[in-house]
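Here's the letter readout for the chains.
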Amino acid sequence: MRILLYRGDGVIEPWAHDFAARLPHAELVVWREGMSLAAQPPCDYAVLWAPTRSLLDQLTQVKAIFLMGAGADAILKFGDALPHVPIVRLGDAGMAEQMAEYVAYATLRYFRRFDEYEQQARQGIWNPLPERRKADFTVGVLGLGKLGMPVLHALRQLGFPVRGWSRSPRDLPGVECYAGMESLDDFLAGSQVLVCMLPLTPETTNLLDRARLSQLPAGAYLINVARGAQVADPDLLALIRSGHIAGATLDVFRNEPLPAPHPFWSEPRITITPHISALTLREEAVQQIAAKIERLERDEAIDDVIDRVRGY
Ligand code: NDP
């Protein structure tokens, strides 16, 4: 069995090392830009992150493509140029716990007003602010998938009222569930904290624009850990400057790294992290992908296959 490995960031050797240990009988092919596979025997599987068109064009005989991450937008953008084989994302693989930590931390920071105390402390101000009630601090989670659900549970355990929005209707104990575009405005109107955990698809691109973000209650907060292109940057900035949105914690951006002149950098009510809310844990990822390859070799079904029509 031949497995092709590629990462757009070039950091592939540790992956090759771990796959060699986990699948000792597999022949690993580390692909680099400019390399031709024409003279080589075909690969059975490809394990990729941020592939290029020139690589995808050469994957004519693979049985499946595995992604080293949970989001499929970076590969689905190639549309019809993609080989007609299953594309398989990582399912959790240690990311859900990280997401839950990140979102719980950001939510508590706003709820307990640590963002304001940080500002005050920088100015040498000792000033206890009025406390808040959790009952008034509903957290709305957009996207109830492999990562969205554990985030919702973590927030519930902390005692926050929670609501969730998905494409298909859900019935979850203790969660106000909303489904579909027609319910989005009602969902937003009751979300004091809005957490975006949606995949990037044509429907979710620019979803959070001025009109939608204006539906949030005055003084609401945004936490985006999904994809930057889901938020209209100038609209978010305008609503923060007007005071309608009190603060935002952003882990993802339209262009990454976030360019130096971007106005988000200088807005004190925006907290920026460099796409770290849920890092791919190599050990877990290799175990998961290898186990799925073994299942496919035994003609068994696997989960986490991307639905190309839905876009996630
Ligand atoms: P899943 O595919 O498991 O779940 C997606 C959820 O979004 C589902 O509940 C789905 O609804 C909902 N959804 C999708 N489209 C729509 C729509 N048009 N309207 C309403 N709901 C919609 O994704 P994950 O939870 O695993 O991951 C979410 C995203 O997080 C990833 O796609 C990726 O972009 C991002 N991510 C970010 C990372 C980071 O470090 N910042 C790391 C990993 C992932 P339904 O249940 O009805 O299908």
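The structure presented is a predicted model; accordingly, all values stated were derived computationally and were not measured.

Peer 1: Which residues make up the pattern of salt bridges, and what values go with them?
Peer 2: Per the stated rule, a full pass over the model turns up 20 salt bridges. In this structure, Asp18 and Arg282 form a salt bridge, with 2.8 Å as the shortest nitrogen-oxygen distance. Taken together, the positions of Asp18 in helix α1 (residues 13-22) and Arg282 in helix α10 (residues 282-297) put the pair 264 residues apart, joining distant regions of the chain. For Arg227, the salt bridge is made with Asp73, and the minimal N-O distance between the two is 3.1 Å. Remark: Asp73 occurs in helix α3 (residues 73-76) and Arg227 occurs in the loop between β10 (220-224) and α9 (233-241); sequence separation between them is 154 residues. The same class applies to Arg227 as to Asp73, namely buried. Taken together, the shared-partner salt bridges in this structure form one network comprising Asp44, Lys63 and Glu297.

Peer 1: Please give an account of the sheet that holds strand β1 (residues 2-7) that cites residues and values.
Peer 2: Taken together, the five strands give an open sheet; going across it, the order is β2-β1-β3-β4-β5, and neighbouring strands pair in parallel fashion. In this open sheet, the two edge strands, each paired with only one partner strand, are β2 (27-30) and β5 (87-88). As paired strands, β1 and β2 are joined by four bridges and run parallel to one another. Within the sheet, the bridge partner assigned to Leu5 lies in β2 and is Val30. Sitting on the sheet, α10 touches β1, β3 (45-49), β4 (64-67) and β5, and the angle it makes with β4 is about 165°.

Peer 1: So what's going on with empty space enclosed by the protein? Residues and values would help.
Peer 2: Applying the stated criterion to the full structure yields one cavity of 30 Å³ or more. Space inside the largest cavity adds up to approximately 30 Å³. As for the largest cavity, its lining consists of Asn224, Gly228, Val231, Asp233, Leu250, Val252, Phe253 and Phe264. In terms of residue class, the lining of the largest cavity is made up of five nonpolar, two polar and one charged.

Peer 1: Could you give an account of the layout of surface pockets, naming the residues involved and the relevant values?
Peer 2: Here the second largest pocket is characterised by a volume of approximately 240 Å³. Along the walls of the second largest pocket sit 13 residues, with Arg109, Asp115, Gln119, Pro268 and Arg269 positioned nearest its centre. For the lining of the second largest pocket, the secondary-structure elements that each account for two or more residues are α4 (95-111), α5 (114-122) and β12 (270-272). In terms of residue count, α5 provides more of the lining of the second largest pocket than any other element does, five residues in total. Tallied by class, the residues present in the lining of the second largest pocket amount to five nonpolar, two polar and six charged.

Peer 1: Lay out the environment of His275 with the relevant residues and their values.
Peer 2: With respect to the helices, strands and loops of the structure, His275 is situated in the loop between β12 and α10. Between the C-alpha atoms of His275 and Leu250, which are 25 residues apart in sequence, the distance is 8.4 Å. In this view, His275 contacts Arg227, Asp251, Val252 and Glu256; residues no more than four positions away in its chain are not counted.

Peer 1: Would you mind going over the packing of α4 against helix α6 (residues 148-157) in detail, with residue names and values included?
Peer 2: Closest axis-to-axis distance for the α4/α6 pair is 8 Å, and the angle between their directions is 45°. Accordingly, the angle class assigned to the pair α4 and α6 is oblique. For the pair α4 and α6, the crossing hand works out as right-handed. Here α4 contributes Ala96, Met99, Ala100, Val103, Ala104 and Thr107 to the contact with α6, which in turn contributes Pro150, Val151, Ala154 and Leu155.

Criteria and thresholds
Residues numbered from 1 in each chain as written. Predicted model: local features only at pLDDT ≥ 70, side-chain atom pairs only at ≥ 80, totals over all residues. Heavy atoms only, no water. Salt bridge = Lys/Arg side-chain N within 4 Å of Asp/Glu carboxyl O. Helix = DSSP H or I, 4+ residues; strand = E, 2+ residues; numbered from the N terminus. Buried < 20%, exposed > 50% of the residue type's maximum accessible area, 1.4 Å probe, protein only. Pairing = 2+ DSSP bridges. Contact = heavy atoms within 4.5 Å. Axes fitted to C-alpha atoms, helices over the stretch in contact; angles between N-to-C directions. 1 Å grid on protein atoms, 1.4 Å probe; cavity = no way out; pocket = protein on both sides within 12 Å on 5 of 7 lines; lining within 4 Å. Points joined across faces, edges and corners; volume = space filled by probe spheres on them. Nonpolar A, V, L, I, M, F, W, Y, C, P; charged D, E, K, R; others polar. Parallel < 35°, antiparallel > 145°, perpendicular 65-115°, else oblique. Left-handed = near helix turned anticlockwise from the far one by under 90°.

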